[in-house]
Amino acid sequence: MARQKSMFRKLFISYIVILAVPLFILGGIVYYFNVVSYQREVSEANLAKLTQVRNQIDLELKSLREIIYHISSQADMYADPYTAAPDEKGDRHSMIAPQLMAYKDHYPFIDEIMFYYRGDTKVYLTSGQYDYQSFENNVKKNYNWAGASVFKELNSVSAPKSFRVETKGSDMPDDSNMLAFLYPVPLLETIPQASVLFTVKETEFFSKFQNILGNFEGAVFIYDPYYRSLVSLNHQMGSLDMTSLEEQLRTFKGTGIFNVTSGGMNLIATRMVSEETDWSYIIAMPDSFFYKSVNTNSTLIVGIIFILLAAGFVGALLFSLKNYKPIKVLLSQFTKSGYEESDQDIKGKNEFEIIRLTFESALQKNKDMLMQMNAQRPLVKDQCLLTLLGGKKIDPGERDYLIKCSNLILDGSAYYCMVLSTHPDDTEGPELGHIIALLENVYFNGGRGYGVEVVNGNYVAVIIVLQEYPADVKSKQQDIAGNLVQQAKENLGLQMIVGIGKIYRSIEQLNASYLEASAVLFDNQINNKKAVHFFDDIENAQEQINWYPMKEQALYIQSLKQGDQAVALETLRALIEQLEAGTISYYMVKCLCFDIVNHILKAMNQMNFRNFSVDIKELIKFNSLQEFQKCMESITLLFCSQVNLQKEKENVELKNKIIFYINEHFKDSSLSLEHIAGQFGLSTSFVSRFIKDETGVNFVDYLSNLRMNEVKLQLQYTDKLIQEIVTDVGYLNTPSFVRKFKAMEGVTPGQYRQITGKG
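Predicted model, so just to flag it, every value in this text is computed and none were measured. All residue numbers here refer to positions counted from 1 along the written sequence of the relevant chain. Under the rules for a predicted model, residues below a pLDDT of 70 receive no local features and side-chain atom pairs below 80 are neither given nor counted, while totals for whole chains, interfaces and linings still include all residues. Only hydrogens and water are removed before side-chain values are computed, so all heavy atoms of the structure are retained for them.

(A) Expanded view of unusual backbone geometry. Along the chain, Val185 connects to Pro186 via a cis peptide bond; the corresponding omega equals -5°. Among the structural elements, Pro186 can be located in the loop between strand E5 (178-185) and strand E6 (194-201). Here the phi dihedral of Tyr227 falls at roughly 60°; this positive angle occurs in a residue that is not glycine. Turning to its location among the elements, Tyr227 is positioned in the loop between strand E7 (218-223) and strand E8 (229-235). The phi angle at Asp278 is positive, at roughly 65°, despite the residue not being glycine. Each helix corresponds to a stretch of at least 4 residues labelled H or I by DSSP, and each strand to a stretch of at least 2 residues labelled E; elements are numbered beginning at the N terminus. With respect to the helices, strands and loops of the structure, Asp278 is situated in the loop between strand E10 (265-273) and strand E11 (280-286).

What follows is the structure in structure tokens.
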């Protein structure tokens with residue numbers, strides 16, 4: 001129990017680490033991108049907003065200059081009133097106030113417009129005409145116009161000028177200050193004749209900040225190019241020391257974001273400079289307000305991280321409980337498993353160590369399975385090659401998959417087949433296995449070949465794959481075949497006879513090449529002069545005697561011997577068509593037909609068809625090629641059927657012999673495919689494939705089933721030791737057999753004996 005708690009604790013700590021470390025890392029990354037990066041974005045956004053404020057104010061100041069340009073263009077408005085006739089003077093005076101009112105109405109941000117003829121003692125406002133003293137004492141009595149200094153400026157100003165006008169006394173609110181803009185008229189003239197003064201309330205500038213920045217907390221400052229204060233407002237900042245703050249702000253130059261401290265308060269100052277007026281626009285906000293949204297995100301992210309940590313803690317607990325449950329069940333199962341050989345090994349081991357032992361056992365089973373798969377691979381390879389030679393209709397995708405599983409490399413530009421057999425003078429039988437071993441994989445310059453033993457035949461077929469279509473086909477085929485014949489002679493001491501089919505560009509035509517190679521091989525087996533025979537030679541001979549269908553006849557007889565009904569019927573039709581196309585006489589046609597019948601009878605004799613009889617009289621009583629073809633089609637069907645029956649019979653006989661031999665000698669530890677192949681004079685691959693085809697299981701599984709059944713019988717009816725029984729049935733590794741027995745039966749041999757009553 002203590003061990004189980006220890007494992008649970010390890011699991012729990014592991015999950016905590018697995019969840020917490022990535023969460024902290026991820027949380028840090030998220031915090032950085034959503035807080036630190038967001039701070040930068042907020043700063044840039046505020047700088048962009050201040051730029052908009054600057055642009056709007058610059059636009060309004062530009063409007064003042066446009067008014068001055070317009071007034072400058074009206075000479076009758078600013079002409080010297082003392083040089084004009086009295087009636088004209090009165091008319092000009094009466095038109096100035098309405099003109100000024102029109103300008104004010106068109107530009108609502110202007111608080112007042114003053115027009116002044118230089119040297120005059122009167123000023124003109126939108127409300128009418130005033131002498132300067134009355135204007136100072138009555139109209140603008142609440143503002144500090146600096147007395148004579150302003151009057152002096154009105155008479156001497158030669159360039160645009162702006163200054164701040166503050167309220168006097170405590171009766172006016174703090175935000176009633178104004179900005180005055182003084183212009184000479186006409187503008188850009190050497191000797192101006194008048195002056196125009198615009199006043200704009202300080203709150204008008206502040207409204208621009210509010211419109212773009214919203215209801216913010218902070219102080220707003222605007223300075224002229226000489227850093228004289230034009231606007232200075234404190235909005236919702238309480239007891240902020242504006243004087244101290246301005247002193248710090250004057251130390252900053254350029255555009256950007258700055259950190260300042262005033263009255264124990266941390267502020268973020270944003271500064272922007274106008275390229276139009278060289279004015280400086282500054283807004284200072286508490287950092288808590290400036291980064292308000294950032295702080296909200298920061299709090300939210302930190303809260304989410306803590307929630308995730310809490311959820312991770314709960315999740316770690318639940319995962320630990322859930323994942324420990326199967327470990328506990330596995331431990332219980334292994335404790336009850338009854339592994340006689342491993343009981344001592346698992347004592348004192350924790351759960352993971354027991355699982356490790358289980359994994360090692362499974363790994364061993366996988367190795368055993370891999371060995372079985374490797375044993376099966378030659379079967380798959382041979383089956384693939386035989387399928388290609390057999391010419392059965394198969395889906396290209398399925399064919400390619402079979403080739404891939406067989407580890408065959410059949411990509412090429414040209415294909416053909418060779419059939420090799422030993423010379424009749426050589427001993428047949430055991431040497432065939434050696435021939436297969438020699439020709440299983442053939443390598444040569446420009447291609448490769450694969451050999452396979454043909455069922456029910458004492459010969460080997462070799463599929464040749466060429467990477468490029470040869471310029472001289474026959475020379476290339478002669479070189480490859482001659483090399484194989486030479487190898488067989490040097491390595492095995494055997495004289496080989498080779499039949500070579502025609503070369504094709506498609507892998508699907510290998511069946512045709514195989515039939516051609518088989519036909520030319522068996523027609524020339526008695527030829528001692530040549531070792532290599534080409535099907536093309538038959539075609540060449542036929543071209544010299546174009547009335548004799550040698551090629552079709554050879555293919556027809558060979559397809560009959562193979563039992564290939566479809567190919568035989570197709571070749572027969574081609575043979576008849578060849579005869580019909582010829583110009584030979586009726587008697588010659590009869591002779592050729594009799595020759596075909598003679599070949600059939602000869603093939604029947606070679607195949608040892610004792611129970612197959614043909615009415616020769618009926619076969620030769622034909623009056624036309626159509627009648628001969630009809631009769632031959634019937635013979636073809638009967639012949640192919642007999643061939644397949646004989647193959648099946650031979651397979652059954654061979655199967656009975658091989659299975660009987662295995663059943664008699666399965667306890668022999670040396671029993672193997674090689675041993676059986678040598679016993680029956682067959683190749684190993686043929687025996688392996690034959691057992692798989694006839695029994696449905698491979699040799700290893702068949703042998704294992706026999707031995708397992710024998711072990712179970714001895715466990716039930718004898719008192720022998722398990723190790724003695726295992727050795728008796730042919731196994732040399734007892735622990736390996738115990739694992740295999742448990743995998744198949746679900747219990748160990750000892751448990752099986754107890755269950756069946758011998759324990």
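Text resumes after the structure shown.
(B) Quick look at the pairing of strand E15 (residues 460-466). Exposure classes here rest on a 1.4 Å probe applied to the protein chains alone. A residue is buried below 20% of its type maximum, exposed above 50%, and partly exposed in between. Where burial is concerned, most of E15 is hidden: 7 out of the 7 residues are buried. The alternating pattern of E15 places Val460, Val462, Ile464 and Leu466 on one face and Ala461, Ile463 and Val465 on the opposite face, and all of these are buried. A pair of strands counts as paired when DSSP detects no fewer than two bridges linking them. Direction of pairing for strand E12 (residues 414-422) relative to E15: antiparallel, over a ladder of 7 bridges. Looking at E15, one finds that Val419 is bridged to Ala461. As judged from the 7 bridges shared by strand E14 (residues 447-453) and E15, these two strands associate in the antiparallel manner. If you follow Gly451 over to E15, its bridge partner there is Val462.

(C) Structural detail: the packing of aromatic side chains. Between the rings of Phe, Tyr and Trp (Trp by its six-membered ring), a pair exists once the centres lie within 6.5 Å; its type follows the angle of the planes, with under 30 degrees stacked, over 60 edge-to-face, and the other angles tilted. In total, this model carries 11 aromatic pairs according to the counting rule given. With a centroid separation of 6.2 Å and an interplanar angle of 75°, the aromatic rings of Tyr107 and Phe109 are classed as edge-to-face. Each member of the pair, Tyr107 together with Phe109, is buried. Centre to centre, the rings of Tyr223 and Tyr227 are 4.7 Å apart; their planes meet at 15°, and the pair counts as stacked. Here Tyr223 matches Tyr227 in class, with each residue buried. In this analysis the charged atom, NZ for Lys or CZ for Arg, is taken to sit over a ring once it is within 6 Å of the ring centre and within 35 degrees of the ring normal. Between the NZ or CZ atom of Arg505 and the centre of the ring of Tyr469, over which it lies, the distance is 4.0 Å. Above the ring of Tyr731, the side-chain terminus of Arg707 is found at 5.4 Å from the ring centroid.

(D) A look at the pattern of salt bridges. Salt bridges are identified by distance alone: a Lys or Arg side-chain nitrogen within 4 Å of an Asp or Glu carboxyl oxygen. All chains considered together, the criterion is met by 8 salt bridges. Between Lys667 and Glu710 there is a salt bridge, and its shortest N-O distance comes to 3.5 Å. Taken as a pair, Lys667 in the loop between helix H21 (625-665) and helix H22 (673-680) and Glu710 in helix H24 (residues 699-717) lie far apart in primary sequence, 43 residues in all. Accessibility expressed as a relative area gives 36% for Lys667, which makes it partly exposed. With a shortest N-O distance of 3.2 Å, Glu745 and Lys712 are connected by a salt bridge. Of the two residues, Glu745 sits in helix H26 (residues 734-745) while Lys712 sits in helix H24, which places them 33 residues apart along the sequence. For Glu745, a relative accessible area of 31% corresponds to the partly exposed category.

(E) View of the sheet that holds E15. Taken in spatial order, the 6 strands line up as E13-E14-E15-E12-E16-E17 in an open sheet, and their pairing is mixed. The sheet is open, and its two edges are formed by strand E13 (441-444) and strand E17 (532-534), each paired on a single side. Direction aside, the axes of adjacent strands within the sheet are offset by 20° on average. In the sheet, strand E16 (residues 496-500) pairs with E17 via 3 bridges, with the strands oriented parallel. Paired with Val498 across the strands is Val532, a residue of E17. Geometry is summarised by axes, namely lines fitted to C-alpha atoms with helices restricted to the contacting stretch, and by angles between N-to-C directions that run from 0 to 180 degrees.

(F) Examining the packing of H21 against H24 more closely. Put simply, H21 and H24 touch, their axes get as near as 10 Å, and they point 45° apart. Accordingly, the angle class assigned to the pair H21 and H24 is oblique. Crossing of H21 against H24: the hand is right-handed. Between H21, through Ile659, Ile662 and Asn663, and H24, the contact on the second element is made entirely by Phe699, Tyr702, Leu703 and Leu706. Nonpolar residues are Ala, Val, Leu, Ile, Met, Phe, Trp, Tyr, Cys and Pro. Charged residues are Asp, Glu, Lys and Arg, and all others, Gly as well, are polar. Within the contact of H21 with H24, the residues separate by chemical class into 6 nonpolar, 1 polar and no charged. In what follows, roughly perpendicular refers to angles from 65 to 115 degrees, roughly parallel to angles under 35, roughly antiparallel to angles over 145, and oblique to any angle outside these ranges. Crossing handedness is defined as follows: a turn of the near helix away from the far one that is anticlockwise and smaller than a right angle gives a left-handed crossing, while the clockwise case is right-handed. Every residue pair with non-hydrogen atoms within 4.5 Å of one another is taken to be in contact.

(G) Spotlight on the sheet that holds E11. Reading across from one edge, E8-E7-E11-E10-E9 is the order of the 5 strands in this open sheet, with antiparallel pairing throughout. The open sheet has two free edges, formed respectively by E8 and strand E9 (256-262), since each of these has just one partner strand. Geometrically, the sheet is characterised by an average inter-axis angle of 20° between neighbouring strands, direction not taken into account. Relative to E11, E7 runs antiparallel, the two being bridged by 5 bridges. From the neighbouring strand, Ile222 faces E11, where its bridge partner is Tyr281.

(H) Main features of a nonpolar patch on the surface. Exposure above 30% relative accessible area and the absence of a salt bridge qualify a residue for a patch, where like charges join within 9 Å and nonpolar side chains (Val, Leu, Ile, Met, Phe, Trp, Tyr) within 5 Å. What sets the accessible areas is the Shrake-Rupley method with a 1.4 Å probe; for residues, cover comes only from the shown protein chains. Side chains of Ile13, Val17, Val21, Ile25 and Ile29 sit close together on the surface and give an oily, nonpolar patch of about 430 Å² of accessible area. For Ile25, a relative accessible area of 51% puts it in the exposed group.

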